[in-house]
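Listed below, chain by chain, are the residues.
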Amino acid sequence: VKIITYIREHYPEDITLDVLSEQVYMHPVTISRLFKTATGITVTEFISQIRLEAAADLLEHSNLLVSDIGNLVGYHKAQYFINLFKKQYGTTPQKYRRKMRLEGVES
């Protein structure tokens, strides 16, 4: 629980297993194993999920550039951010924004 809370509060930062181990006083390998057992996904997958959810929210509710949103959620290479977003949501951030805004108008 402490690890999940930490990740949710610090997702834009560079979060590594070493950083997490300092928070909970456990070996990084132990954290990795326990996290995967408890959640069914890896720490990295969870961090990515949290970052991409935050990015989707920013795309929907702000006019920030896609690259700026990527930076805000912890991805400093725009193309990497776009690729991860597309893998998670099946569309580019720009198309996702357009779709969400169109759905908002129709509601």
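Below: a short report on this structure.

How each quantity is defined
Residues numbered from 1 in each chain as written. Predicted model: local features only at pLDDT ≥ 70, side-chain atom pairs only at ≥ 80, totals over all residues. Heavy atoms only, no water. Helix = DSSP H or I, 4+ residues; strand = E, 2+ residues; numbered from the N terminus. Buried < 20%, exposed > 50% of the residue type's maximum accessible area, 1.4 Å probe, protein only. Polar contact = N/O pair within 3.5 Å; in protein donor to acceptor, adjacent residues only side chain to side chain. Contact = heavy atoms within 4.5 Å. Axes fitted to C-alpha atoms, helices over the stretch in contact; angles between N-to-C directions. Parallel < 35°, antiparallel > 145°, perpendicular 65-115°, else oblique. Left-handed = near helix turned anticlockwise from the far one by under 90°. Nonpolar A, V, L, I, M, F, W, Y, C, P; charged D, E, K, R; others polar. Core = buried A, V, L, I, M, F, W, Y, C linked by side-chain atoms within 4.5 Å. Expected span 1.5 Å × (residues − 1). Arc of directions from axis to C-beta.

**A closer look at the side chain of Ser 21**
So, step 1. Mapping Ser 21 onto the fold places it in helix H2 (residues 17–24).
So, step 2. Residue Ser 21 is classed as buried on the basis of its relative accessible area, which comes to 13%.
So, step 3. In this structure the side chain of Ser 21 is engaged in a polar contact, spanning 2.7 Å, whose partner is the backbone oxygen of Asp 18.
So, step 4. Contact partners of Ser 21, with chain neighbours within four places excluded, come to Met 26, His 27, Pro 28 and Ile 31.

**A word on the packing of helix H4 (residues 43–61) against helix H6 (residues 78–89)**
So, step 1. Following both chains from N to C, one finds H4 and H6 inclined at 90°, their axes separated by 10 Å at the closest point. When the axes of H4 and H6 are compared, the pair comes out roughly perpendicular. Taking contact as the criterion, the partners of Ser 48, Leu 52, Glu 53, Ala 55, Ala 56 and Leu 59 in H4 are, on H6, Phe 81, Leu 84, Phe 85, Gln 88 and Tyr 89.

**Some thoughts on the packing of H4 against helix H7 (residues 93–106)**
So, step 1. At a minimum axis separation of 8 Å, H4 and H7 run at an interaxial angle of 55°. Between H4 and H7, the crossing angle belongs to the class labelled oblique. Judged by the sense of rotation from one axis to the other, the crossing of H4 with H7 is right-handed. On H7, the residues touching Ala 56, Leu 58, Leu 59 and Glu 60 of H4 are Pro 93, Tyr 96, Arg 97, Met 100 and Arg 101.
So, step 2. Here the contact of H4 with H7 is built from residues that sort into six nonpolar, no polar and three charged.

**With respect to the environment of Phe 46**
So, step 1. By secondary structure assignment, the location of Phe 46 is in helix H4.
So, step 2. The exposure class assigned to Phe 46 is buried, which follows from its relative accessible area of 7%.
So, step 3. For the pair Phe 46 and Ile 7, spaced 39 residues apart in the sequence, the C-alpha separation amounts to 8.5 Å.
So, step 4. Other than its neighbours up to four places away in sequence, Phe 46 contacts Ile 4, Ile 7, Arg 8, Phe 35 and Ile 41.

**Some words on the nonpolar core**
So, step 1. Within the largest apolar cluster, 14 residues are counted, with the highest numbers of intra-cluster contacts made by Phe 81 and Phe 85.
So, step 2. Those elements giving two or more residues to this core turn out to be H4, helix H5 (66–72), H6 and H7.
So, step 3. It is H4 that provides the largest number of residues to this core, a total of five residues.
So, step 4. Ignoring sequence-local partners within four residues, the contact set of Phe 85 consists of Leu 52, Ala 55, Ala 56, Leu 59, Gly 90, Thr 91, Thr 92, Pro 93 and Tyr 96.
So, step 5. Of all hydrophobic cores here, the second largest spans twelve residues; its members include Tyr 6, Leu 20, Ile 31 and Phe 35.

**Quick notes on H7**
One turn of the α-helix equals 3.6 residues, which is why residues spaced by three or four share an orientation.
So, step 1. Under the 1.5 Å per step criterion, the end-to-end length of H7 is 20 Å for 14 residues, consistent within 8% with the ideal 20 Å.
So, step 2. Among the residues of H7, those classed as buried are Pro 93, Tyr 96, Arg 97 and Met 100. With its buried residues spanning 100° around the axis, H7 presents them on a single face. Residues Lys 95, Leu 102, Val 105 and Glu 106 are exposed on H7 and point more than 90 degrees away from its buried face.
So, step 3. Packed against the buried residues of H7 are H4, H5 and H6.

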